There are 2 protein chains.
Amino acid sequence: MGKILIFGHQNPDTDSIISSIVMAYFERKFGNDVEACRQGAINKETEFVLNRLNIQAPTLINDVEDGTEVILVDHANIKESVPNLDNAIILKIIDHHNVALNTSYPLYYRAEPVGCTQTVMYKLFRENNIEIDKTIATLMVSAIISDTLLFKSPTCTKEDVEVAKKLSEIAGIDIEEYGMELLKAGTDLSSFTIDEILNLDAKEKLLKDKSAIIAQVNTASIDDVLKMKAELEEGIRKIIKEKSLDIFMFVITDIVNSTSKAIVLGNSATIAERAYNEKIVDNLIELKGVVSRKKQIVPIMTENA
Amino acid sequence: MGKILIFGHQNPDTDSIISSIVMAYFERKFGNDVEACRQGAINKETEFVLNRLNIQAPTLINDVEDGTEVILVDHANIKESVPNLDNAIILKIIDHHNVALNTSYPLYYRAEPVGCTQTVMYKLFRENNIEIDKTIATLMVSAIISDTLLFKSPTCTKEDVEVAKKLSEIAGIDIEEYGMELLKAGTDLSSFTIDEILNLDAKEKLLKDKSAIIAQVNTASIDDVLKMKAELEEGIRKIIKEKSLDIFMFVITDIVNSTSKAIVLGNSATIAERAYNEKIVDNLIELKGVVSRKKQIVPIMTENA
């Protein structure tokens with residue numbers, strides 16, 4: 001058998017990249033021949049963490065061969081995974097999302113409804129008496145800060161906060177100071193093309209029978225991002241056409257004030273009006289106090305689809 | 001909110017019943033308001049355990065109301081669960097099977113590819129420093145003996161054996177002696193009607209696009225069970241017609257010699273001939289050395305469907 005490949009979801013965020021690196025480290029402690037992989041480009045926030053620690057990005061993959069043994073981290077969704085997942089052998093899943101895949105064989109599945117995969121990983125380290133060194137701790141706490149928007153997201157649980165505090169002690173960082181620095185690094189869109197921005201953290205979702213992409217970017221200033229509104233809209237229209245989408249929602253989240261606005265396009269754009277009881281004006285909708293796609297967007301959009 | 005309902009799969013075996021009882025005990029340690037339930041009659045093997053310990057059977061349920069919070073044990077399969085599962089809220093899954101359900105929300109999911117749910121449960125007790133008393137240990141080890149056919153099934157792992165040994169010490173039982181007594185109790189079919197026998201441990205499966213039921217009974221003498229062959233065939237034909245099945249496979253497993261024969265009926269019966277390279281003679285096929293539906297029947301039947 002070849003190496004066991006470990007990877008997170010498409011358009012990887014910081015948790016997906018860090019999960020593959022940390023899980024690979026964990027598996028090697030048991031002598032397993034694994035490779036940390038990723039399904040897409042590294043974003044600026046993740047780059048900030050990897051550069052700080054001088055760690056290489058996981059190997060970029062577009063698919064896996066038939067029969068490849070894989071470990072899925074930070075996703076359990078066939079639509080967010082490699083195209084050939086059905087012909088791979090999933091050995092393990094470590095996750096904190098919904099279940100959106102089937103297997104014909106038993107596997108190791110470890111998921112909890114917490115804010116970040118690393119909060120689950122932390123337990124695996126503890127249960128198996130594997131030491132978390134300074135580098136691993138920095139990686140893990142960075143992912144928790146990223147996924148919970150420094151504990152401000154409604155997806156954040158007491159456990160995420162507790163684990164992040166313990167990890168920040170090992171990492172030797174001031175969690176508030178480091179956290180804001182990390183999140184701000186992720187708001188730098190200057191080096192990306194419009195197409196790249198639309199894809200940075202885009203997830204394909206089925207809202208009942210409506211095909212949707214819900215993309216999200218973090219920023220310290222929504223107005224700054226909206227300077228590109230016309231170009232973003234043009235890019236979104238192209239993607240809607242290519243993928244025959246019913247709706248594309250581009251959510252711009254203000255990490256300082258914990259609120260969002262979204263550009264919404266597509267024949268089913270009015271789902272958002274019903275979901276948030278707000279009018280779409282010039283393709284833009286106010287999402288007051290919304291920061292979490294998982295908790296505050298996907299369920300309510302599905303309900304109103 | 002009402003109580004959280006905990007239940008295993010339809011046509012419950014010993015592991016499904018014991019999982020609901022043991023998980024209820026575990027959840028109550030955290031102050032959770034739970035109720036152990038079951039989706040079907042108690043079999044003779046399970047009855048032997050419950051009578052020995054003077055424990056009541058879990059509450060019989062046929063379905064759950066919309067919005068009921070549930071914990072699934074010993075299954076993660078929508079076809080083996082309550083009909084209204086899609087409108088319930090699955091809080092947790094503790095299992096050792098394949099993944100065959102989807103959710104729109106994150107949940108606690110704990111599964112491992114081991115021989116019995118109790119091997120996973122044992123870890124939960126240990127990780128949470130919850131004592132396993134003599135009664136709970138007897139329940140848990142009984143389920144492991146049942147699911148692994150006293151360690152002879154190919155589904156049995158080193159971990160199942162190790163956990164069973166530790167539990168047998170707490171339970172104060174001789175595992176071989178108690179084990180054979182338990183398994184033999186399960187072979188007593190005398191009090192059941194033909195329809196009940198066909199349903200005792202029957203699982204609906206999709207073999208590619210073919211709808212199948214694969215039922216299994218344990219026995220100390222296959223010939224004894226085959227004395228009812230004509231009546232069993234009549235019952236099977238009735239079920240095939242009622243459920244529009246492509247194939248019904250009634251597997252009779254000799255627990256002393258670790259081998260099986262199966263009565264196979266339905267328009268797709270020849271799947272079994274291809275799967276085992278054996279002829280079906282008078283509706284009966286030899287399954288040499290086969291004892292595990294999960295490892296030695298479902299995958300190979302699916303492959304040949």
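What counts and what doesn't
- Residues numbered from 1 in each chain as written.
- Chains lettered and ligands numbered in written order.
- Predicted model: local features only at pLDDT ≥ 70, side-chain atom pairs only at ≥ 80, totals over all residues.
- Heavy atoms only, no water.
- Helix = DSSP H or I, 4+ residues; strand = E, 2+ residues; numbered from the N terminus.
- Rg over C-alpha atoms; globule rule 2.2 N^0.38 Å.
- Buried < 20%, exposed > 50% of the residue type's maximum accessible area, 1.4 Å probe, protein only.
- Domains from an automatic or database assignment.
- Contact = heavy atoms within 4.5 Å.
- Buried area = accessible area lost by both parts, 1.4 Å probe.
- Salt bridge = Lys/Arg side-chain N within 4 Å of Asp/Glu carboxyl O.
- Pairing = 2+ DSSP bridges.
- Expected span 1.5 Å × (residues − 1).
- Disulfide = S-S within 2.5 Å.
- Phe/Tyr/Trp six-rings, centres within 6.5 Å; stacked < 30°, edge-to-face > 60°.
- Lys NZ or Arg CZ within 6 Å of the ring centre and 35° of its normal.

**Overview of the overall build of chain A**
The secondary structure content of chain A amounts to 11 helices and 11 strands. Against the globule reference of 19 Å for 305 residues, chain A gives a C-alpha radius of gyration of 19 Å, in line with a compact fold. Each principal axis of the C-alpha distribution contributes one length, and for chain A these read about 55 × 45 × 35 Å. Put simply, chain A has 305 residues, and 59% of those count as buried.

**Remarks on unusual backbone geometry**
The backbone of A:Phe151 shows a phi angle near 70°, a positive value even though the residue is not glycine. Mapped onto the fold, A:Phe151 is located in the loop between helix H4 (134-148) and helix H5 (158-171). The backbone of B:Lys208 sits at a positive phi, close to 50°, despite the residue not being glycine.

**Description of the domain arrangement of chain A**
Residue and element names in this part refer to chain A. For chain A, the assigned domains are domain 1 (4-184) and domain 2 (194-303). Computed over C-alpha atoms, the centres of domain 1 and domain 2 are 25 Å apart. Opposite the 18 residues of domain 1 that make contact, domain 2 presents 17 residues. Between domain 1 and domain 2, the buried area comes to about 1,500 Å², and carbon and sulfur atoms account for 56% of it. Here domain 1 and domain 2 share one salt bridge between them.

**Notes on the pairing of strand S9 (residues 247-254) of chain A**
Two faces make up the sheet, and in a regular strand the side chains alternate between them. Residue and element names in this part refer to chain A. Of all eight residues in S9, eight are buried; the element is thus mostly enclosed. Neither face of S9 is exposed, since Ile247, Met249, Val251 and Thr253 on one face and Phe248, Phe250, Ile252 and Asp254 on the opposite face are all buried. Across eight bridges, strand S8 (residues 210-219) lies against S9 in parallel orientation. Following the sheet pairing, Gln216 is matched in S9 by Val251. Both S9 and strand S10 (residues 259-265) contribute to a ladder of seven bridges, which runs antiparallel. Along S10, the bridge assignment pairs Ile252 with Lys261. Where S9 folds back on S10, the antiparallel hairpin that results is connected by four residues, among which Ser258 adopts a positive phi of roughly 50°.

**A look at helix H1 (residues 14-28) of chain A**
The end-to-end C-alpha distance of H1(A), which contains 15 residues, comes to 21 Å, matching closely the 21 Å that a straight helix rising 1.5 Å per residue would cover. The element H1(A) is largely enclosed, with a buried count of 13 among its 15 residues.

**Notes on the pairing of strand S4 (residues 69-73) of chain B**
All names here are of chain B. Most of S4 is tucked away: four of the five residues are buried. Sheet topology note: the strand S1 (residues 4-7)/S4 ladder contains three bridges and is parallel. From the neighbouring strand, Phe7 faces S4, where its bridge partner is Leu72. Across five bridges, S4 lies against strand S5 (residues 89-95) in parallel orientation. When the bridges of S5 are listed, Val73 appears paired with Ile94.

**What about the state of the cysteines?**
Residue and element names in this part refer to chain A. Evaluated as defined, the whole model comprises zero disulfides over all chains. With no disulfide of its own, Cys37 lies 20 Å from the sulfur of Cys116, the closest cysteine sulfur. With no disulfide of its own, Cys156 lies closest to Cys116 among cysteine sulfurs, the gap being 9.6 Å. You can call Cys156 buried: its relative accessible area is 18%.

**A word on the packing of aromatic side chains**
Considering all chains together, one arrives at nine aromatic pairs over all chains under this definition. Measuring from ring centre to ring centre gives 5.3 Å for B:Phe26 and B:Phe125, while their planes differ by 65°; the resulting arrangement is edge-to-face. One end of the pair, B:Phe26, is in helix H1 (residues 14-28); the other, B:Phe125, is in helix H3 (residues 117-127), and 99 residues separate them in sequence. When sorted by exposure, B:Phe26 lands in the same class as B:Phe125, which is buried. Aromatic rings pair up to connect A:Tyr25, A:Phe26, A:Phe30 and A:Phe125 into one cluster. The cationic tip of B:Lys44 hangs over the ring face of B:Phe192; the distance from NZ or CZ to the ring centre is 5.7 Å. Between the NZ or CZ atom of B:Lys92 and the centre of the ring of B:Tyr108, over which it lies, the distance is 5.1 Å.

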